Amino acid sequence: MDYQSILNTIEQKLDKRNCKGKVAAYIPELAKVPADKLGMHLYCINSGHYSFGDSNEKFSIQSISKVFTLALAIRFVGDKLWDRVDVEPSGDPFNSLTQLEYENGIPRNPFINAGALVVADVLVTHLENPKKELLDFVRQLCEDDTIDYDERIAKSEAASGYRNVALMNYMKSFENINNDVDEVLDFYYHQCSLAMSCKELAKAFMVFADAGKQLSTGKRILGKQKVKRMNALMQTCGFYDEAGEFSFKVGLPGKSGVGGGIVAVHPQQYSVAVWSPMLNEKGNSELGMDALEELTTLTGLSIF
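Residues numbered from 1 in each chain as written. Predicted model: local features only at pLDDT ≥ 70, side-chain atom pairs only at ≥ 80, totals over all residues. Heavy atoms only, no water.

1. Section: the side chain of glutamine 235
The residue glutamine 235 is located in helix H11 (residues 224–237) in this model. On the basis of relative accessible area, glutamine 235 is assigned to the buried category, the value being 10%. (Helix = DSSP H or I, 4+ residues; strand = E, 2+ residues; numbered from the N terminus. Buried < 20%, exposed > 50% of the residue type's maximum accessible area, 1.4 Å probe, protein only.)

Now the structure itself:
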């Protein structure tokens, strides 16, 4: 497969001029990101790296980080996690409080904000230094010690995170949060502020494309069954109330973030990351969605 030629075609087809998306403004620091940024990086299991555009520029990965924290939490508590977080698509926006009221403080899945906050609470319980150990884990996946938090983003999120505070306190009232609310929120804001490039994300997500192994070393990072579960969750829940649309158009497990990033995997084929900060009404990168739809169309391959 000539992936570089395919990526070049995708770059030519994407039209930033007609993009109707808008940069996320509810987190003040994210609103400062230039709207015209666009990059894509594909990491093939058999043939290596392919890219175009701003693929080496770091950006705030936001909710993509929920995949990393979920992987860590499953390591510690295994299937017990599902007593506190469900595995069903939400059908509601990522920061919705509505379902928590009907479902007694149990989030619908670990990729909406409420579910990710419960996962963060699990890690605060089980890790001696959650922020450091999450960073160590992501650096291990990327084999890159330069990856770090963007403190400006973390502070900006904390200053504007009223809805997350509401979610936390509501779940605390149902005894589904065990630790201090402020401590868990601080960890959550930092995980979302992780700054990574498309290349780094594609490399980190290779573990989900290669059945839990690190491609460069062959070292097992996650068990096969855990990767199977996580890929299933990315397929059904990785895009909030647009998960069905992404599955229909793209046909790959993936995860988006309001920083404009999307990462997807084709098991035993490749991992791919794309970044364009202009978001559609559902909070997903408009051009990112288009780029990945073009990718599976031009290759003729998806998981289906």
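2. Focus: the sheet that holds strand E6 (residues 194–196)
Judged by pairing direction, the sheet is antiparallel, and its three strands sit side by side in the order E4-E6-E5 without closing on themselves. The outermost strands of the open sheet, each flanked by one partner alone, are strand E4 (59–60) and strand E5 (148–149). Of the strand pairs in this sheet, E4 and E6 are connected by two bridges, and their pairing is antiparallel. In the strand pairing of E6, serine 60 is matched with alanine 195. (Pairing = 2+ DSSP bridges.)

3. Remarks on the pattern of salt bridges
Tallied over the full model, the rule gives 14 salt bridges. Residue aspartate 121 is joined to arginine 84 by a salt bridge in which the shortest nitrogen-to-oxygen separation is 2.7 Å. Pair noted here: aspartate 121 is in helix H4 (residues 113–126) and arginine 84 is in the loop between helix H2 (65–77) and helix H3 (98–102), with a separation of 37 residues, a long-range link. Considered together, aspartate 121 and arginine 84 belong to a single accessibility category, that of buried residues. Across the salt bridge formed by lysine 203 and glutamate 143, the nearest N and O atoms sit 3.6 Å from each other. Remark: glutamate 143 occurs in the loop between helix H5 (130–142) and E5 and lysine 203 occurs in helix H9 (residues 198–204); sequence separation between them is 60 residues. Since its relative accessible area comes to 42%, glutamate 143 is described here as partly exposed. A single salt-bridge network, built from bridges that share partners, covers Glu29, Lys32, Asp150 and Arg152. (Salt bridge = Lys/Arg side-chain N within 4 Å of Asp/Glu carboxyl O.)

Function-wise, these values are silent; they only describe arrangement.
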